[in-house]
Amino acid sequence: GALVFFVALGLGVAKVVRERIFPLEANLVEVIPSQISLGLFGGKLDQAAVDRLAQLPGVTHAYRKQLVKVPAVSFYDGDFFGRHVRMGFEVLAIGVDAELVKPDVQLGDFVDPGPDKPLPVVAATRLIEIYNKTFAPARGLPQLSHAMLTGFRFPVDWNRSFIAPGKGGHVTGSAEVVGVSERGLLAGVTIPLAAAQRLNQQFGEDADAFSAVTLEARSPGDVPSLITAVKDMGLRVDDRERKLAESAGAAVTLTTSAMALLSVLICLLAAFNIAHALSAATRAREKELGVMRAVGARRADIFRLVLSEALLLGFAGGAAGTALALGASALLDVLSARVLPDFPFKPDSFFFVPWWLPVLGVSLGILAALAGAWLPARRASRVDPSRVLAGQGT
C-alpha cells in the first residue's frame, strides 16, 4: 500500500511538472546566437545560418524568431469582461514564423496586417494559468478562458516604456488576441515574424538577424546529433527551461525513490513477520504434516503446500494494501480540492496510476510473503513422520 501510494504520488507530480509547468516537446531544439563571434559563420543567426540549420540531417522544420527590440506599453481603460479596468503594463513581444503556432490560432490568419490594423497576437497558456490563479484573485478580476480571450483587443504604444525613455517618437496601435498556445512567449505576446521585422526596422533596430531558431527534429532520437551539429556551427542551444524541468523532475524522482525504498523496507519487515508466524504455525501443525508424510505426501508436496498458503496470504495482503492506497489517494484528491487554495498549475489529481502499478503492489505483497515463507516451508518439508507420530517432535 505504501509503495503504490508514494509511487502514484510521484508519477502524478512528475506528470504535472512535465506537461503543465515545463511542457517541453522532446523533438524541438532552440538555437540561439553565440555570445562570442568566432569562426567562419561568426555565430550570427541570419537567413543564411537558418538555411544551413534547415539542411541539417534530421531537421524537418526551422522556425525563425525575432525579439521586438522596441519597448512597448499598453494603457487599457475600458470594459474587461464585465469589469471596468484602468491599468498599464509593459509589453514584451517576439515574432515567429506562423507555422510554429498555426494549430493554436483560432481567429483569422497569423500574418502581419500592416501598421493601421490590429496586430494578431498569441498568448501563452502558462501565462493565462498564472493570471487566473494569482493575479486575478488578488485584484478581483474575472477568470479567463481561452475562448473568452480570443478576439480581445487592447491598445499598444510602441517605442514607449515605464522603465526607460524611448528613442524618438512613439506609435500608437492595437493588438488582438487570436489564440492561446503552449509555444507562446511566457512573459509577453507572440506576433507574426514579419510584424516584428517591420517594427524593428521602423525604429532603426536590426531586422535581419534572428534572436532564435526552433528546429523540429524528425524524432527525439535525432536531437543529440542535432545539438552537436548546431554547436559545430558556432551556435548555442538554449536549454535553460529543459534544465529546470530536469532539475524539478530529478527532485520528484529522488523523493519518490526514497519513499519507494521505505515501502520496500516495510515489505521486508513484513516478510520477517510472516516467517516468524509461519514458523510457529508449522510447529503447531507438525502432527498434521507428519500424518500427510506418512500417507504418501512427498517433501515437495509439503513445501508447495506451505508456499501456497503464503501466496494466498501475500495476494490478500497485497490486494488489500493496493486498494487502501488507491482509496487514500482518491480521498486526498477530494480533500485537496476542497481545502487547498487554487494555485497555478494545480492538478485535478495529484496521483497518476498506470495499469502496472496495482499489479506491482499485489506482486510485491506476494513476493514478501513467499520470501518470508521459504525457510518455514523448507523446515516443514523436512518433518520426520516417524518421530512426530511417536511424539518425539522434530
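Note that the structure is predicted; figures quoted are calculated from it, not measured. (Residues numbered from 1 in each chain as written. Predicted model: local features only at pLDDT ≥ 70, side-chain atom pairs only at ≥ 80, totals over all residues. Heavy atoms only, no water.)

Draft legend 1. The arrangement of the overall build of the chain in detail. For the chain, the helix and strand inventory stands at 12 helices and 11 strands. Taking 394 residues into account, the globule formula puts the C-alpha radius of gyration at 21 Å, and the chain, at 33 Å, lies well above it. Each principal axis of the C-alpha atoms in the chain carries an extent, and together these give about 110 × 55 × 35 Å. Expressed as a percentage of contacts within the chain between residues at least 6 apart in sequence, the contacts between residues at least 24 apart total 78%. (Helix = DSSP H or I, 4+ residues; strand = E, 2+ residues; numbered from the N terminus. Rg over C-alpha atoms; globule rule 2.2 N^0.38 Å. Contact = heavy atoms within 4.5 Å.)

Draft legend 2. Representation of the pattern of salt bridges within the structure. A full pass over the atoms with the stated rule returns 12 salt bridges. For Glu25, the salt bridge identified is with Arg183, shortest N-O distance 2.8 Å. Placement of Glu25 in the loop between helix H1 (2–21) and strand S1 (28–32) and of Arg183 in the loop between strand S8 (171–181) and strand S9 (189–192) is noted, with a sequence separation of 158 residues between them. Take Glu25: its relative accessible area is 30%, and that puts it in the partly exposed class. Here Asp301 and Arg304 are joined by a salt bridge, their closest N and O atoms 2.8 Å apart. Remark: Arg304 and Asp301 occur in helix H10 (residues 299–339); sequence separation between them is 3 residues, near one turn of the helix. Salt bridges sharing partners connect three or more residues here, namely Glu129, Lys133 and Asp342. (Salt bridge = Lys/Arg side-chain N within 4 Å of Asp/Glu carboxyl O. Buried < 20%, exposed > 50% of the residue type's maximum accessible area, 1.4 Å probe, protein only.)

Draft legend 3. Looking closely at the pairing of strand S7 (residues 153–158). Bridge count between strand S3 (residues 72–79) and S7: 2 bridges; the pairing is antiparallel. Across the sheet, the residue bridging to Ala72 is Trp158, located in S7. Of the pairings in the sheet, the one linking S7 to S8 comprises 6 bridges and is antiparallel in character. Directly across from Pro155, in S8, lies its bridge partner Ser174. (Pairing = 2+ DSSP bridges.)

Draft legend 4. A nonpolar patch on the surface, seen in detail. On the surface, Leu261, Leu262, Val264, Leu265, Ile266, Leu268 and Phe272 cluster together into a nonpolar patch covering about 680 Å² of accessible area. Summarising the element assignment, Val264 is placed in helix H8 (residues 240–284). (Patch = residues over 30% accessible without salt bridge, like charges linked within 9 Å, V, L, I, M, F, W, Y side chains within 5 Å. Areas by Shrake-Rupley, 256 points an atom, 1.4 Å probe, with all protein chains shown as cover.)

Draft legend 5. Representation of the nonpolar core. If you look at the biggest cluster of nonpolar residues, it comprises 30 residues, and the most contacted ones within it are Val68, Phe80, Val121, Leu149, Phe154, Trp158 and Ile191. For this core, the secondary structure elements donating two or more residues are S3, strand S6 (119–124), helix H4 (125–139), S7, S8, S9 and helix H6 (193–202). Leu149 has contacts with Phe81, Ala123, Ile128, Leu144, Val177 and Val180, leaving out every residue within four places of it along the chain. Counting 19 residues, the second-largest nonpolar core is a separate cluster that includes Val31, Val50, Leu53 and Val223. (Core = buried A, V, L, I, M, F, W, Y, C linked by side-chain atoms within 4.5 Å.)

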